Amino acid sequence: MKKLFLLLFFVSILNGYAQRSKNIFSKDPIINLENFQKSRIYYGFYLGFNSYDFKIDYKEVTPDILVKKTTGFNVGIVADLKLHEYVNLRFEPGLYYTKRDLNYPSDFFLNSGVEFTPSAKLREVNSTYIHFPLLLKFSSLRTGNIRPYALGGLSATLNLSSNSKSLDDNVENRFRVKAWTPNYELGLGIDLFSEYFIFSPSIRGVFGINDELIRDKNPSSPWTGNIESMKTRAIFINFTFH
């Protein structure tokens, strides 16, 4: 129901936007906000969706841990600094909510001394992130009221739900990851110029650079013992308004 509500919300925005825009996709459109992006600095905000995953590498060959992904929600602000006619530096801090379920195969519990039970094989990873991306935006020539762009850069993420300071581990049903993680990001988007604002839908891939997992105290732990590295992978779909 929540996903349906959010989808209907954005559909209504797009529908209203299309109705207010004057021939935005026509052959000879009225040029909207012609001088807006000549500003040295401008601001905006975004709403969107995310889908987080883990890339897991193992020490020994075993069946994979199954990661069940969910659709999360993003909200944040944008500060844009013009460096060149076609290049902008963007800072897009935001708050991201997501959830992943890790389902461990029975092989991980062999000779571990831990019974393979439904509660033992499942680890719920609920995450609340504060995301700090610093990105370069490379825009094409503007055609009427449309301007595609590509972007990429680096980011740092603070996980408020990391449990990194907890002394308990998976034996006490406490799954732990590092609080701070660095990432690199790549994406595509398009600026659509309406009469009063710029609407910019975009899609972006986020790739964690470092191992995020905090190991259990027991080196033979079925939950962390066979994991070489665990890194975030995510897709963001953002709807930005300037």
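Data block above holds the structure.
S.K.: Before we move on, could you go through the overall build of the chain and cite the residues and values that matter?
M.R.: Looking only at helices and strands, the chain has 2 helices and 10 strands in total. Tracing the chain from N to C terminus, the helices and strands come up as α-β-β-β-β-β-α-β-β-β-β-β. Going through the 242 residues of the chain one by one, you find that 45% of them count as buried. Summarising the internal contacts of the chain: among those between residues at least 6 apart in sequence, 72% fall at separations of at least 24. For the chain, the computed accessible surface area is about 12800 Å², with 62% contributed by carbon and sulfur atoms.

S.K.: Tell me what's going on with the pairing of strand 3 (residues 71–82), and back it up with residues and numbers.
M.R.: Only one face of strand 3 is buried: it carries Gly-72, Asn-74, Gly-76, Val-78, Asp-80 and Lys-82, and the other face, with Thr-71, Phe-73, Val-75, Ile-77, Ala-79 and Leu-81, is open. Pairing geometry for strand 1 (residues 41–58) and strand 3, over 11 bridges, is antiparallel. Bridge pairing in strand 3 links Tyr-42 to Asp-80. Here 4 bridges tie strand 3 to strand 5 (residues 94–103), and the two strands are oriented antiparallel to one another. Bridge pairing in strand 5 places Val-75 opposite Leu-95. Two elements, strand 3 and strand 4 (residues 87–91), share 4 bridges in a ladder whose sense is antiparallel. In the sheet register, Ala-79 faces strand 4, and the bridge partner there is Phe-91.

S.K.: Describe a nonpolar patch on the surface, and please don't skip the residues or the numbers.
M.R.: Nonpolar side chains collect at one region of the surface, where Phe-91, Phe-132, Leu-134 and Trp-180 lie side by side and expose about 390 Å² of accessible area between them. Of note, Phe-132 is situated in strand 6 (residues 122–139).

S.K.: An account of the packing of aromatic side chains is needed here, citing residue identities and associated values.
M.R.: For the structure shown, the criterion picks out 15 aromatic pairs. Look at Tyr-104 and Phe-108: their rings are 5.7 Å apart centre to centre, the planes differ by 80°, and that puts the pair in the edge-to-face class. Between Phe-197 and Phe-241 the ring centres are 5.9 Å apart and the planes differ by 50°, which places this aromatic pair in the tilted class. Taken together, the residues Phe-197 in the loop between strand 8 (180–193) and strand 9 (198–208) and Phe-241 in strand 10 (residues 227–241) connect sequence positions 44 residues apart. Across the pair, exposure class does not vary: Phe-197 and Phe-241 are buried alike. Put simply, the rings of Phe-45, Phe-49, Phe-197, Phe-199, Phe-239 and Phe-241 touch in pairs and so form one group of aromatic residues. Arg-100 extends its terminal NZ or CZ atom over the ring of Phe-54, reaching a point 4.0 Å from the ring centre.

S.K.: Describe the side chain of Asp-191, and please don't skip the residues or the numbers.
M.R.: Among the structural elements, Asp-191 can be located in strand 8. Among the polar contacts made by the side chain of Asp-191, one reaches the side chain of Ser-200 at a distance of 2.4 Å. For Asp-191, the contacting residues outside a window of four places in its chain are Gln-37, Lys-137, Asn-145, Ile-146, Arg-147, Tyr-149, Ile-198, Phe-199 and Ser-200.

S.K.: Talk me through the nonpolar core; I want residue IDs and the actual numbers.
M.R.: Soluble globular proteins tend to pack their nonpolar side chains together in the buried interior. One finds Ile-65, Leu-102, Tyr-104, Phe-175, Ile-227 and Met-230 to be the most contacted residues of the largest nonpolar core, which totals 15 residues. When residues of this core are traced back to their parent elements, those giving at least two are strand 1 and strand 10. Filtering out sequence-adjacent residues up to four positions away, Tyr-104 remains in contact with Ile-65, Phe-109, Phe-116, Lys-121, Arg-123, Phe-175, Pro-222, Trp-223 and Ile-227. Grouped together as the second largest cluster of nonpolar side chains are 8 residues, Tyr-52, Val-78, Tyr-96 and Tyr-129 included.

S.K.: So, the environment of Tyr-149: which residues are in play, and what are the values?
M.R.: The residue Tyr-149 is located in strand 7 (residues 146–159) in this model. Measuring from C-alpha to C-alpha, the distance between Tyr-149 and Lys-137 comes to 6.7 Å, with 12 residues separating the pair along the chain. If sequence neighbours within four positions are ignored, Tyr-149 has contacts with Lys-137, Phe-138, Ser-139, Leu-188, Gly-189, Ile-190, Asp-191, Ser-200, Pro-201 and Ser-202.

About the cut-offs
Residues numbered from 1 in each chain as written. Predicted model: local features only at pLDDT ≥ 70, side-chain atom pairs only at ≥ 80, totals over all residues. Heavy atoms only, no water. Helix = DSSP H or I, 4+ residues; strand = E, 2+ residues; numbered from the N terminus. Buried < 20%, exposed > 50% of the residue type's maximum accessible area, 1.4 Å probe, protein only. Contact = heavy atoms within 4.5 Å. Areas by Shrake-Rupley, 256 points an atom, 1.4 Å probe, with all protein chains shown as cover. Pairing = 2+ DSSP bridges. Patch = residues over 30% accessible without salt bridge, like charges linked within 9 Å, V, L, I, M, F, W, Y side chains within 5 Å. Salt bridge = Lys/Arg side-chain N within 4 Å of Asp/Glu carboxyl O. Phe/Tyr/Trp six-rings, centres within 6.5 Å; stacked < 30°, edge-to-face > 60°. Lys NZ or Arg CZ within 6 Å of the ring centre and 35° of its normal. Polar contact = N/O pair within 3.5 Å; in protein donor to acceptor, adjacent residues only side chain to side chain. Core = buried A, V, L, I, M, F, W, Y, C linked by side-chain atoms within 4.5 Å.

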